[in-house]
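# Descriptive structure summary
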Amino acid sequence: MQRTLTTGDTLITVPTANLPLIRRTWVSGISSSDSADYVRPDSVRAVRMNFRLTNGKTGNDQHYRDVTTTIETPNNGIPLPTVCGRAPIAPTSLTATDTIPGSGIIWLSWPSSVDQDAGEEDVQQYILYRRLSSDTTWSDPLEVVRTTAGNGTYSTQISDNIPGTAYTFGVSAQDCTPSESTVTTRNVTASVGP
């Protein structure tokens, strides 16, 4: 059984497809589903064992008894520590929308990192970047957005863009070490208006 990440002490049965639960060493380039699989053993709170005992005979002489028991693990009920291991996984996408032509306002939105509420559960904030599309390096961070548990999508308004200018925006996830993910980017040109 495994503690669900969003509902505290509710126990769920681990699907057979996720067995056996094996804690693996982190490697670069893993997918978000791999990340969740790698840390799933950390949330085990109890193991249910089912046995069928028989007298070893066959036919009418056979007798059997089913026995089920649940064994709690020693760390059951202990709060999970905040552990920041490898760099978090970046948000999968970034959307840049110019909603009011000529205003210089660009809305950025992105999904939460898989490591925010699953995986390592250690993302504390998202860092936004902006550069001219012709530049190859980022300047200082543009804005920092703190995480909110259970929030699957974030958005913020960037209002000092110059109309007619092509920008590249970026977002990365940052954990408590503070390690930073790779930067997910989106190109957009601020419209010049009607």
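Position numbers for residues start from 1 in each chain and track the written sequence from start to end. Whole-chain, interface and lining totals are the exception, using all residues; otherwise, since this is a predicted model, local features are given only for residues with pLDDT of at least 70 and side-chain atom pairs are given and counted only at 80 or more. Heavy atoms throughout the structure, all of them, feed into the side-chain values; hydrogens and water do not.

## Some thoughts on the side chain of Thr168
Strands here are runs of E lasting at least two residues and helices are runs of H or I lasting at least four, both read from the DSSP assignment and numbered beginning at the N terminus. In this structure, Thr168 sits in strand E10 (residues 166–174). Throughout this description, buried means an accessible area under 20% of the type-specific maximum (1.4 Å probe, protein chains only), exposed means over 50%, and partly exposed covers the range between. For Thr168, a relative accessible area of 3% puts it in the buried group. Two N or O atoms count as a polar contact when they lie within 3.5 Å, although within protein this holds only if one can serve as hydrogen donor and the other as acceptor, and sequence-adjacent residues are included solely when both atoms are side-chain atoms. A distance of 2.5 Å separates polar atoms of two side chains, one belonging to Thr168 and the other to Asn187. Excluding anything up to four places from it in sequence, Thr168 contacts Tyr129, Arg130, Arg131, Leu132, Ser133, Trp138, Thr185, Arg186 and Asn187. Residues count as neighbours in contact if any of their non-hydrogen atoms are within 4.5 Å of one another.

## Concerning unusual backbone geometry
Thr177 connects to Pro178 through a cis peptide bond whose omega is 0°. One can find Pro178 in the loop between E10 and strand E11 (184–189).

## Observations concerning the pattern of salt bridges
Take a side-chain nitrogen of Lys or Arg and a carboxyl oxygen of Asp or Glu: if they are within 4 Å of each other, that pair is a salt bridge. This structure, assessed with the given rule, holds 3 salt bridges. The residue Arg86 makes a salt bridge to Asp115 at a minimum N-O spacing of 2.9 Å. On the criterion of sequence distance, the pair formed by Arg86 in the loop between strand E4 (64–72) and strand E5 (95–97) and Asp115 in helix H2 (residues 114–117) is long-range, its members being 29 residues apart. The pair formed by Arg86 and Asp115 is uniform in burial state, with each residue classed as buried. Residues Arg130 and Asp160 are paired through a salt bridge, measuring 2.8 Å at the closest nitrogen-oxygen approach.

## Comments concerning the packing of aromatic side chains
The aromatic pairing rule takes the rings of Phe, Tyr and Trp, using the six-membered ring of Trp, and pairs them if the centres are within 6.5 Å, calling planes under 30 degrees apart stacked, those over 60 edge-to-face and the rest tilted. Tallied over the full model, the rule gives 5 aromatic pairs. With 6.0 Å between their ring centres and 65° between their planes, Trp110 and Tyr126 make a pair best called edge-to-face. A residue pair is termed long-range when its members are at least 10 positions apart, and Trp110 in strand E6 (residues 106–111) and Tyr126 in strand E7 (residues 125–132) qualify at 16 residues. The class for Trp110 is buried, based on a relative accessible area of 1%. Owing to a relative accessible area of 0%, Tyr126 belongs among the buried residues under this scheme. Measuring from ring centre to ring centre gives 5.6 Å for Tyr129 and Trp138, while their planes differ by 40°; the resulting arrangement is tilted. Relative accessible area serves as the criterion here: at 9%, Tyr129 is assigned to the buried category. Among the aromatic side chains, those forming a connected cluster through ring pairs are Trp110, Tyr126 and Tyr154. A cation sits over an aromatic face here: Arg131 above Trp138, 4.2 Å from the ring centre. Our definition puts a charge over a ring when NZ of Lys or CZ of Arg is within 6 Å of the ring centre and also within 35 degrees of the ring normal.

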